[in-house]
Amino acid sequence: MEKEKKIVLSGIRATGNLHLGNYFGALQKFVKMQNDYDCRYFVADLHALTTHPDPTKLHENVKDILAEYLAAGLDPEKNIIYVQSDIPEISEMYLLMNMHVGIGELMRTASFKDKARKALGIHSDSDEIEKEIIGNQTNQRVNAGLLTYPTLMAVDILIHHADFVPVGKDQEQHLELTRRFARRFNSFYKTEYFGEPVNFNFGDHAIKVPGLDGSGKMGKSEGNCIYLIDDEKTLRKKVMRAVTDEGPKEPNSPVSEPVNNLFTLMELVSEPDVVKHYRDAYADCSIRYGDLKKQLAEDILKVTLPIRERILDIRNNDEYLSRVVREGAERTREYAARTLADVREIMGIKKF
């Protein structure tokens, strides 16, 4: 029987607050989708364990992200919202799926190489990573959980039989691995049990929200974020410190990357005539970066302050948060238990 609505799944690691990049790149779109799709969103606290977070901080991070999801407009009546670790079926299926995953293919993933390289302080792209890991058997900076991250992500998706998984470019390889693992499982057991999920096409160009450091995208690990929870004073200070340049020397000069980043942010939060005013000012060399930053901060605050107020209200309502995740876990476990039972039977793990 065909599903009434296509299933969309997305999760975010419990490693810190959500920022403007998360909001414009994902959350805004999730809110628009919740009437048309069977949407399931989770906080990936098991994934966060790969970086050995402080136990107390981990729990607080989970609460923060839940509150931010809800404050941004995700409706628990229309979506399933849950915490990854509340679904024990995920952990068991993670173990089973690992039996069909090769160490070599995991070690070749770009994200593992990048994270292992950073953890070990290696700057080369050569095979030094594998040598360093193998040569230092007691080195726990690169743990098995980090290596098998793609398997856990695959299980997150496949346990729901998700049709669509909205991911950025940095996660596309993991989604392709999910499809590969699904094909391998089907082929090995001569079944067509798992479908192959695809990236969600929102029908427009991907939004890349730049950071305040003059280059690259906004990201927690880059330290260049504007967070949805930032208070007015903090946000203004961040924007006023944003990297710019010396200013245009000649009319119609090419816009430098740091300044273009500020224009990109402005296009997300400001009225078109405001953006045009400052672009024209850059073109005729009359731009004053202090005025640009003040305007930008003002317009960002119009977006974030109402969300911040809702975050604080929800964050302090433990009863409401507990109910949301409890009901989300109950609904998720119904799906997960069926999938796990099927997988166990397909693999020959049966009760006497």
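We now turn to the structure provided with this report.

Cut-offs applied
- Residues numbered from 1 in each chain as written.
- Predicted model: local features only at pLDDT ≥ 70, side-chain atom pairs only at ≥ 80, totals over all residues.
- Heavy atoms only, no water.
- Helix = DSSP H or I, 4+ residues; strand = E, 2+ residues; numbered from the N terminus.
- Rg over C-alpha atoms; globule rule 2.2 N^0.38 Å.
- Contact = heavy atoms within 4.5 Å.
- Axes fitted to C-alpha atoms, helices over the stretch in contact; angles between N-to-C directions.
- Parallel < 35°, antiparallel > 145°, perpendicular 65-115°, else oblique.
- Nonpolar A, V, L, I, M, F, W, Y, C, P; charged D, E, K, R; others polar.
- Phe/Tyr/Trp six-rings, centres within 6.5 Å; stacked < 30°, edge-to-face > 60°.
- Buried < 20%, exposed > 50% of the residue type's maximum accessible area, 1.4 Å probe, protein only.
- Polar contact = N/O pair within 3.5 Å; in protein donor to acceptor, adjacent residues only side chain to side chain.
- Right-handed = clockwise from strand over helix to strand, strands pointing away.
- Pairing = 2+ DSSP bridges.
- Patch = residues over 30% accessible without salt bridge, like charges linked within 9 Å, V, L, I, M, F, W, Y side chains within 5 Å.
- Areas by Shrake-Rupley, 256 points an atom, 1.4 Å probe, with all protein chains shown as cover.
- Salt bridge = Lys/Arg side-chain N within 4 Å of Asp/Glu carboxyl O.
- Lys, Arg positive; Asp, Glu negative; His and termini not counted.
- Charge placed at Lys NZ, Arg CZ, Asp CG, Glu CD.
- Core = buried A, V, L, I, M, F, W, Y, C linked by side-chain atoms within 4.5 Å.

**What to know about the overall build of the protein chain**
From N to C terminus, the protein chain includes 15 helices and three strands. In summary, the protein chain has a C-alpha radius of gyration of 22 Å against a globular reference of 20 Å for 352 residues, a match within 12%. Its C-alpha atoms put the protein chain at 80 × 50 × 40 Å along the principal axes. Across the protein chain, every contact between residues at least 6 apart in sequence was considered, and the portion connecting residues at least 24 apart equals 77%.

**Looking at the packing of helix H3 (residues 55-71) against helix H15 (residues 318-346)**
Look at H3 against H15: their axes get within 11 Å of each other, and the N-to-C directions meet at 85 degrees. In terms of orientation, H3 and H15 fall into the roughly perpendicular class. Between H3 and H15, the residues in contact are Lys63, Leu66, Ala67 and Leu70 and Asp318, Tyr320, Leu321, Val324 and Val325, respectively. Here the contact of H3 with H15 is built from residues that sort into seven nonpolar, no polar and two charged.

**A short note on the packing of aromatic side chains**
The description of an aromatic ring pair rests on the distance of the ring centres and on the angle between the ring planes. Applying the stated rule across the entire model yields twelve aromatic pairs. Pairing Phe185 with Tyr189 gives two aromatic rings, centres 4.9 Å apart and planes at 55 degrees, and the pair type is tilted. Taken together, the ring pairs connect Phe185, Phe188, Tyr189, Tyr193 and Phe194 into an aromatic cluster.

**Quick word on the environment of His52**
Within the element layout of this structure, His52 appears in the loop between helix H2 (45-48) and H3. Classification of His52 as exposed rests on a relative accessible area of 52%. Residues His52 and Ile300, spaced 248 residues apart in sequence, show a C-alpha to C-alpha distance of 33 Å. Among the polar contacts listed, one links the side chain of His52 to the side chain of Asn143, at a separation of 3.4 Å.

**Here's the deal with the pairing of strand S2 (residues 38-44)**
Counted residue by residue, S2 has six buried out of seven residues, so it is predominantly covered. Handedness of the strand S1 (residues 7-13)-helix H1 (residues 20-33)-S2 crossover: right-handed. Summarising the sheet, S2 and strand S3 (residues 80-83) pair through four bridges and their orientation is parallel. Bridged to Val43 within S3 is Val83.

**Some thoughts on a negative patch on the surface**
Together, Glu77, Glu327, Glu330 and Glu334 make up a negatively charged patch on the protein surface. Note that Glu327 resides in helix H15. Glu327 sits in the partly exposed class, given a relative accessible area of 35%.

**Quick notes on the side chain of Asp163**
Its place among the elements puts Asp163 in the loop between helix H9 (149-158) and helix H10 (172-188). When its relative accessible area of 17% is taken as the criterion, Asp163 is described as buried. From its side chain, Asp163 meets the backbone nitrogen of Ile7 in a polar contact 2.8 Å long.

**A few points about the environment of Cys225**
As for its placement among the helices and strands, Cys225 is situated in the loop between H10 and helix H11 (232-240). By relative accessible area, which is 4% here, Cys225 ends up buried. Sequence spacing of Cys225 and Leu18 is 207 residues, and the spatial spacing of their C-alpha atoms is 9.0 Å. Those residues in contact with Cys225 that lie beyond four places of it in its chain are His19, Met218, Gly219, Lys220, Asp230 and Lys238.

**Looking at the nonpolar core**
Among the nonpolar cores identified, the biggest contains 64 residues, and Leu27 and Tyr69 are the most heavily contacted of them. Sort the elements by how many residues they give to this core and helix H14 (residues 289-315) lands first, with ten residues. Filtering out sequence-adjacent residues up to four positions away, Leu27 remains in contact with Leu18, Asn22, Tyr69, Ala72, Leu74 and Leu228.

**With respect to the sheet that holds S3**
Taking strand neighbours across the sheet as the criterion, the three strands line up as S1-S2-S3 in an open arrangement whose pairing is parallel. Each edge of the open sheet carries a strand with a single partner, namely S1 and S3. Direction aside, neighbouring strands of the sheet carry axes that sit 15 degrees apart on average. Pairing geometry for S1 and S2, over seven bridges, is parallel. Bridge assignment links Ile12 to a residue of S2, and that residue is Val43.

**Considering the pattern of salt bridges**
Inspection of every chain in the model, using the stated rule, returns 18 salt bridges. One salt bridge connects Glu89 with Arg333, and the closest N-O pair in it is separated by 2.8 Å. Residue Glu89 is located in helix H4 (residues 88-98), and its partner Arg333 is located in helix H15; the two are separated by 244 residues in the primary sequence. Accessibility expressed as a relative area gives 9% for Glu89, which makes it buried. Notably, a salt bridge pairs Arg183 with Glu176, separated by 3.5 Å at the nearest N-O pair. Classification of Arg183 by relative accessible area gives partly exposed; the value is 37%.

Note that all results are geometric; they support no functional claim without further evidence.
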